[in-house]
Structures are given as C-alpha cells and as structure tokens.
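# Structural overview
Here is what each chain is made of, one letter per residue.
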Amino acid sequence: MLAALRPSTKLIVLCSPNNPTGNPVHEKDVLTLLDTGRIVVVDEAYVEFSNHPQGLARLVPMYQNLVGLRTLSKWAGLAGLRVGYGLCPEWIAQHIRRAQNPFEVNMAGHIAAILALNNLDDVQNNVRGIINEREHLFKLLAQQPYLAPIPSEGNFILAHLLDQTVTIEKVRAIVESHGILLRYFQSSSLQNSPRVTVGLPQHTEKLAEALASIETRGVK
Ligand SMILES: *Cc1c(COP(=O)(O)O)cnc(C)c1O
C-alpha cells in the first residue's frame, strides 16, 4: 500500500478482519499508514468475531486521521437493514454530516437495532457460537486433501483449491447437490478459492457429508 501511494492520495481504505480472506491487519501496519498523514479508514465489519474485538477503532481518539467503520449486519445478524456507525475525529464527522441524508436508518432498522442492543447477551452468545463453530469448520476444511483453508477471524473461511483435478465447478456442483451454496469469486486471484460462511454445527456436518463425496487424487 505504501508503494501504491501517490502525492494525490487522500484516503486509504483497509478492511480488518479482511473480507474475503479473514485475516486481521496488524496494528503496526495501520500506524505506519497513519504516519503518512492520509486519512485511514478501517472497515471493521467483522471485528466482533476477531481475537481483538475492541479493534483498531479504539485508536481513533489518538489520531486526527483515523476512521473506524462498524456495522450490525454481521455480528447482530441485521444484514440488509443497513444499521452501522463510524468512529472518527470531530473534523471528519462535520464533513460527513454535510453529505448525509436526513433519515439514514429506516424504522425497521431502528427497531431491529434497539432489539439487538436490548438482548445483547443472546446476540453475543450467537457470536461466541460462531467463533467456536469456525474452529470446527476450519478443521473440517483442513482435513480435505484438496483444500487449504486460511485461518480466519471473520464469520467465514476462505479456502484455496490445491488439486488441479478438483475444480471449483466440481466442488460447487457437488456441494450444491447437497443443498449448500458456496461463495465464489470471479477475480483471477480468487477464482479457485471458495468461501464458506460459518453456520450452526449441523450445517458444518452437512458440509462434511458433501465434501466427503468429492473424489481426489489425494494431493496436498
Ligand atoms: C457486510 C460488510 C459491510 C457492511 O455492510 P452494511 O451496509 O452495513 O450491511 C461493510 N464492509 C464489509 C467488508 C462487509 O463485508
């Protein structure tokens, strides 16, 4: 990212934990980028699933050029309702307020967010359940001779296909025949890397059955 900086660069956007890889951005790397004086925006949509749920946004009070973005879409399960918030220095908030629409969050979003916050114990239990199930899912993916999963701090795991004989089309077709949809990507660097969302234990079991039926040469 430093190499890509131009004199005209005004804003640097990071995602931590990153989507779709699931890895967090190291704090020292963010500090290096903050030292460039550019505004650094860290998208923390998955931070509640990470090993450091307080996230990089906790540094906002110390820097005039750091912005943290959060959402209730993932940890609170409110995807589609568009409820989120940002943490930023006052001077940046003033600019955002000028561009903001008067009613950003609709009534359904307000009600859902209030319910989530009033039932925080239950919601946080779900988050803990997903974190536990992520370890289970990782082990399952790592057991497949044709898959190399990437350790994830999000609610999904990206895996690279290792074996040329097991194509993404084949994996998708077999898994879909078991009623499971895999997230896939068009870009050349990710086209052989399905991403699996962490679900309930019974979902992992179903995926295990589907993956067990994929034949390989056993290369790893
Ligand atoms: C889901 C997601 C968001 C948040 O989207 P909402 O508009 O709040 O639903 C932001 N960034 C990333 C990387 C995400 O995956």
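Model, not experiment: these values are computed from the prediction. (Residues numbered from 1 in each chain as written. Predicted model: local features only at pLDDT ≥ 70, side-chain atom pairs only at ≥ 80, totals over all residues. Heavy atoms only, no water.)

## Notes on the side chain of Asn65
Here Asn65 lies in the loop between strand E2 (39-43) and strand E3 (66-71). Looking at Asn65, the relative accessible area reads 11%, which means it is buried. Engagement of the side chain of Asn65 in a polar contact is seen with the backbone oxygen of Leu34, the distance being 3.0 Å. Only 2.9 Å separates the side chain of Asn65 from the backbone oxygen of Arg38, close enough to count as a polar contact. Residues contacting Asn65, with those up to four places away along its chain left out, are Leu34, Gly37, Arg38, Ile39, Val40 and Pro89. (Helix = DSSP H or I, 4+ residues; strand = E, 2+ residues; numbered from the N terminus. Buried < 20%, exposed > 50% of the residue type's maximum accessible area, 1.4 Å probe, protein only. Polar contact = N/O pair within 3.5 Å; in protein donor to acceptor, adjacent residues only side chain to side chain. Contact = heavy atoms within 4.5 Å.)

## A look at the pattern of salt bridges
On inspection of all chains with the given rule, the structure shows six salt bridges. Here Arg134 makes a salt bridge to Glu135, at a shortest N to O gap of 3.5 Å. Under the relative-accessibility criterion, Arg134 is labelled buried at 3%. (Salt bridge = Lys/Arg side-chain N within 4 Å of Asp/Glu carboxyl O.)

## Quick notes on the site of the ligand
Cys15, Asn19, Asp43, Ala45, Tyr46, Thr71, Ser73, Lys74 and Arg82 make up every residue found near the ligand. In this structure, an oxygen atom belonging to the ligand sits 2.5 Å away from a side-chain N or O atom of Arg82. In isolation the ligand offers 390 Å² of accessible surface; the protein chains occlude 70% of this area. (Near = heavy atom within 4 Å. Areas by Shrake-Rupley, 256 points an atom, 1.4 Å probe, with all protein chains shown as cover.)

## Section: the pairing of E2
Pairing analysis gives five bridges linking strand E1 (residues 11-15) to E2, with the strands arranged parallel. Bridging from a neighbouring strand, Ile12 pairs with Val40 of E2. Following the backbone out of E1, through helix H1 (residues 27-34) and into the adjacent parallel E2, one traces a crossover that is right-handed. The pairing of E2 with E3 spans four bridges and is classified as parallel. Residue pairing across strands places Val41 opposite Val67, the latter belonging to E3. (Pairing = 2+ DSSP bridges. Right-handed = clockwise from strand over helix to strand, strands pointing away.)

## Some points on unusual backbone geometry
For the peptide bond that leads from Ser16 to Pro17, omega is -10 degrees, which places it in the cis range. You can see Pro17 is positioned in the loop between E1 and H1. Following Asn19, the chain continues to Pro20 via a peptide bond in cis, the omega torsion being 15 degrees. In this fold, Pro20 is placed in the loop between E1 and H1.

## What to know about the sheet that holds strand E4 (residues 84-87)
With respect to topology, four strands assemble into an open sheet ordered E1-E2-E3-E4, the strand pairing being mixed. Each having just a single partner strand, E1 and E4 make up the two edges of the open sheet. Taking the axes of each pair of neighbouring strands and ignoring which way they run, one obtains an average angle of 20 degrees across the sheet. (Axes fitted to C-alpha atoms, helices over the stretch in contact; angles between N-to-C directions.)

## Description of the packing of aromatic side chains
Summed over the entire model, instances satisfying the criterion amount to one aromatic pair. Seen from their ring centres, Tyr46 and Phe156 are 4.9 Å apart, and the 90 degrees between their planes marks the pair as edge-to-face. Remark: Phe156 occurs in strand E6 (residues 156-161) and Tyr46 occurs in the loop between E2 and E3; sequence separation between them is 110 residues. Look at Tyr46 and you get buried, because its relative accessible area is 5%. Exposure remark for Phe156: the relative accessible area of 1% places this residue in the buried category. (Phe/Tyr/Trp six-rings, centres within 6.5 Å; stacked < 30°, edge-to-face > 60°.)

## Looking at the domain arrangement of the chain
Size of an interface, as often reported, equals the accessible area lost when the parts are brought together. Domains assigned within the chain are domain 1 (11-118) and domain 2 (121-217). Its C-alpha centre places domain 1 at a distance of 27 Å from the equivalent point of domain 2. Taken together, the contact pairs 17 residues of domain 1 with 16 residues of domain 2. Summed over both sides, the interface between domain 1 and domain 2 buries roughly 1,300 Å², with carbon and sulfur atoms accounting for 63% of that surface. Contact with domain 2 buries surface across domain 1, with Pro20, Thr21 and Phe49 losing the most and accounting together for 44% of the total. Counting across the interface, domain 1 meets domain 2 through zero salt bridges. Remark: the boundary between domain 1 and domain 2 carries five residue pairs in polar contact (both at pLDDT 80 or more). The residue makeup of the side of domain 1 that touches domain 2, split by class, is eight nonpolar, seven polar and two charged. (Domains from an automatic or database assignment. Buried area = accessible area lost by both parts, 1.4 Å probe. Nonpolar A, V, L, I, M, F, W, Y, C, P; charged D, E, K, R; others polar.)

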